[in-house]
Amino acid sequence: MASPALLMHVVASAYSVAEKAATIVRNVMAAGDLGIVDKTGANDLQTKADRLVQMSICASLAQKFPKVTIIGEEELSTDEVTEELIEDGHCEEILKKTCPAQYAGIKEEELVIWVDPLDGTKEYTEGLLDHVTVLIGIAYGGKAIAGVINQPYYNYEAGAGAVLGRTIWGVLGIGAFGFQLTEAPAGKHIIVTTRSHSSTLVNDCISALNPDSVIRIGGAGNKIIQLIEGKASAYVFASPGCKKWDTCAPEAILRAVGGKITDIHGNSFQYNKEVKHMNSAGVLATLRNYDYYASRIPNTVKQSLVP
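Just so it is clear, the structure is predicted and the values come from calculations on it, not from any experiment. (Residues numbered from 1 in each chain as written. Predicted model: local features only at pLDDT ≥ 70, side-chain atom pairs only at ≥ 80, totals over all residues. Heavy atoms only, no water.)

## Comments concerning the overall build of the protein
Then, in step 1: Each helix and strand counted, the protein has 9 helices and 13 strands in total.
Then, in step 2: Here the protein has a C-alpha radius of gyration of 18 Å; the compact-globule value for 307 residues is 19 Å, and the two agree.
Then, in step 3: Its C-alpha atoms give the protein principal-axis dimensions of roughly 50 × 45 × 40 Å.
Then, in step 4: Here the contacts in the protein between residues at least 6 apart in sequence split such that 72% fall between residues at least 24 apart.
Then, in step 5: As displayed, the protein has an accessible area near 12700 Å², and 49% of this comes from carbon and sulfur atoms.
Then, in step 6: Within the protein, the 34 negative side-chain charges are centred at a point lying 6 Å from the centre of the 27 positive side-chain charges. (Helix = DSSP H or I, 4+ residues; strand = E, 2+ residues; numbered from the N terminus. Rg over C-alpha atoms; globule rule 2.2 N^0.38 Å. Contact = heavy atoms within 4.5 Å. Areas by Shrake-Rupley, 256 points an atom, 1.4 Å probe, with all protein chains shown as cover. Lys, Arg positive; Asp, Glu negative; His and termini not counted. Charge placed at Lys NZ, Arg CZ, Asp CG, Glu CD.)

## Observations regarding the nonpolar core
Then, in step 1: Counting residues in each nonpolar core, the largest one holds 105 residues, and the members touching the most others are Leu 7, Val 11, Ile 57, Trp 114, Tyr 124, Ile 136 and Tyr 235.
Then, in step 2: Here this core gets 14 residues from one element, more than from any other, and that element is helix α1 (residues 6-31).
Then, in step 3: Shared between two domains, this core holds at least three residues of each, these being domain 1 (6-175) and domain 2 (190-304).
Then, in step 4: Setting aside residues up to four positions removed in sequence, Val 11 forms contacts with Ile 94, Ile 138, Ala 146, Val 148, Trp 169 and Val 171. (Core = buried A, V, L, I, M, F, W, Y, C linked by side-chain atoms within 4.5 Å. Buried < 20%, exposed > 50% of the residue type's maximum accessible area, 1.4 Å probe, protein only. Domains from an automatic or database assignment.)

## Describing the pattern of salt bridges
Then, in step 1: Under the definition given, this model contains 10 salt bridges.
Then, in step 2: Glu 93 is paired through a salt bridge with Lys 96; the nearest N and O atoms lie 3.6 Å apart.
Then, in step 3: A salt bridge links Glu 229 to Lys 231; the shortest N-O distance between them is 3.0 Å.
Then, in step 4: With a relative accessible area of 43%, Lys 231 lands in the partly exposed category.
Then, in step 5: Connected through shared salt-bridge partners, Lys 122, Glu 123, Glu 126 and Arg 195 make up one network. (Salt bridge = Lys/Arg side-chain N within 4 Å of Asp/Glu carboxyl O.)

## Some words on the packing of helix α6 (residues 220-228) against helix α7 (residues 244-256)
Then, in step 1: Running from amino to carboxyl end, α6 crosses α7 at an angle of 15°, the nearest separation of the two axes being 9 Å. Classified by the angle their axes make, α6 and α7 are roughly parallel. Of the two elements, α6 crosses α7, and the hand of that crossing is right-handed. Of the residues in α7, those in contact with Ala 220, Gly 221, Ile 224, Leu 227 and Ile 228 of α6 are Asp 246, Pro 250, Ile 253 and Leu 254. (Axes fitted to C-alpha atoms, helices over the stretch in contact; angles between N-to-C directions. Parallel < 35°, antiparallel > 145°, perpendicular 65-115°, else oblique. Left-handed = near helix turned anticlockwise from the far one by under 90°.)

## Notes on the sheet that holds strand β8 (residues 175-177)
Then, in step 1: Strands sit in the order β3-β4-β5-β6-β7-β8 across an open sheet of 6 strands; the sheet is mixed. If you trace the sheet from one side to the other, it starts and ends with β3 (69-72) and β8, each paired once. Averaged over all adjacent pairs, the angle separating strand axes in this sheet is 15°, with direction ignored.
Then, in step 2: Bridging between β3 and strand β4 (residues 111-119) involves 4 bridges; their strand directions are parallel. Along β4, the bridge assignment pairs Ile 70 with Ile 113.
Then, in step 3: Of the strands in this sheet, β4, β5 (133-140), β6 (143-151) and β7 (166-171) are in contact with α1, which crosses β6 at around 30°. (Pairing = 2+ DSSP bridges.)

## Topic: the packing of aromatic side chains
Then, in step 1: Using the criterion set out here, one finds 6 aromatic pairs in the structure.
Then, in step 2: Where Trp 114 meets Tyr 271, the ring centres are 6.3 Å apart and the plane angle is 70°; that geometry is what we call edge-to-face. Here the residue Trp 114 occupies a position in strand β4, and Tyr 271 occupies one in the loop between β12 (260-262) and β13 (283-286), the gap between them amounting to 157 residues. Here Trp 114 matches Tyr 271 in class, with each residue buried.
Then, in step 3: An angle of 80° between the planes, with centres 4.9 Å apart, marks the rings of Tyr 292 and Tyr 293 as edge-to-face.
Then, in step 4: Aromatic ring contacts, followed pair by pair, group Trp 114, Trp 245 and Tyr 271 into a single cluster.
Then, in step 5: One Lys or Arg, Arg 166, reaches over the ring of Tyr 154 and ends 3.9 Å from the middle of that ring. (Phe/Tyr/Trp six-rings, centres within 6.5 Å; stacked < 30°, edge-to-face > 60°. Lys NZ or Arg CZ within 6 Å of the ring centre and 35° of its normal.)

## Examining the domain arrangement of the protein
Note: interface size is frequently given as the accessible area lost on complex formation between the parts.
Then, in step 1: Segmentation of the protein into domains returns domain 1 (6-175) and domain 2 (190-304).
Then, in step 2: Computed from C-alpha atoms alone, the centre-to-centre distance between domain 1 and domain 2 is 21 Å.
Then, in step 3: With 39 residues of domain 1 in contact, the opposing surface of domain 2 contributes 30 residues.
Then, in step 4: Together domain 1 and domain 2 conceal approximately 2700 Å² of surface at their shared face, both sides included; 63% is due to carbon and sulfur atoms. (Buried area = accessible area lost by both parts, 1.4 Å probe.)

## Details of the sheet that holds strand β9 (residues 190-194)
Then, in step 1: The strand order across the open sheet formed by 5 strands is β10-β9-β11-β13-β12, and the pairing between neighbours is mixed. The open sheet has two edge strands with one neighbour each: β10 (213-217) and β12. Neighbour-to-neighbour, the strand axes of this sheet turn through a mean angle of 20°, independent of strand direction.
Then, in step 2: Bridge count for β12 against β13 is 3 bridges, and the pairing is antiparallel. Each residue of the ladder has a partner; that of Ile 261, found in β13, is Ala 285.
Then, in step 3: Along the sheet, helix α5 (residues 200-208) makes contact with β9, β10 and β11 (234-237), crossing β9 at roughly 175°.

Here it is, written out as structure tokens:
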């Protein structure tokens, strides 16, 4: 049997690296000192967990795949990475899957990995632990083709003794794994949107969609999980706040199960290494019925958000 393609090695390693990241996230919280720093204000925080996790993910992947471009949210040097932050393992299960033919010949230097070490930092600092995810997105030719989402605190409300955390992964052409794919109730319009970055524009856009209900939660990874688990029918964010490292991994997983994500205008996101980091024209994502929501975004909203 031929050895697994590079892409599958990268995904299998990212899986183990994300599990290590989750352990770091839980350990920092358990130790009680989050080491919070305001980056640009109270809604843009960085904790000790953000810093340690990013160093762990970037250094671990760079050690194994030195020619891959890795772009992380936090501006950090990887010079001071200690040995205990390095994760060398991989998920055997992923290596057993056959790489889709169109990705079989990919070389290291053609991949860009987008890392959000702790998506939902604000929620993490407030103890809303189920909002928190670790995101590792893998892009090729400017497109998100594979991703890993770890939820360090999945199951934490199940009480003492519950096994905490889970890892979801997906590759276009293979599918996505680690969760139960469920569609939102038919005929119901349940919108998931931002919890801490609301604005008149965000709210006007949601009102125009005439939703049955609105879920306000933190983290882009968390919002995409609401879509793939059938808890929400559309993720709508009419604001510039989201970045490429927020959307790359979730996009790959959503698209691997037939969903769609774009900006508010319907443009695809680009993930090549030269691209600007901000998704300045917002986010619109659904598992099904994308056109229904896209057709109802008001022109006033579109005019306010320049790609």
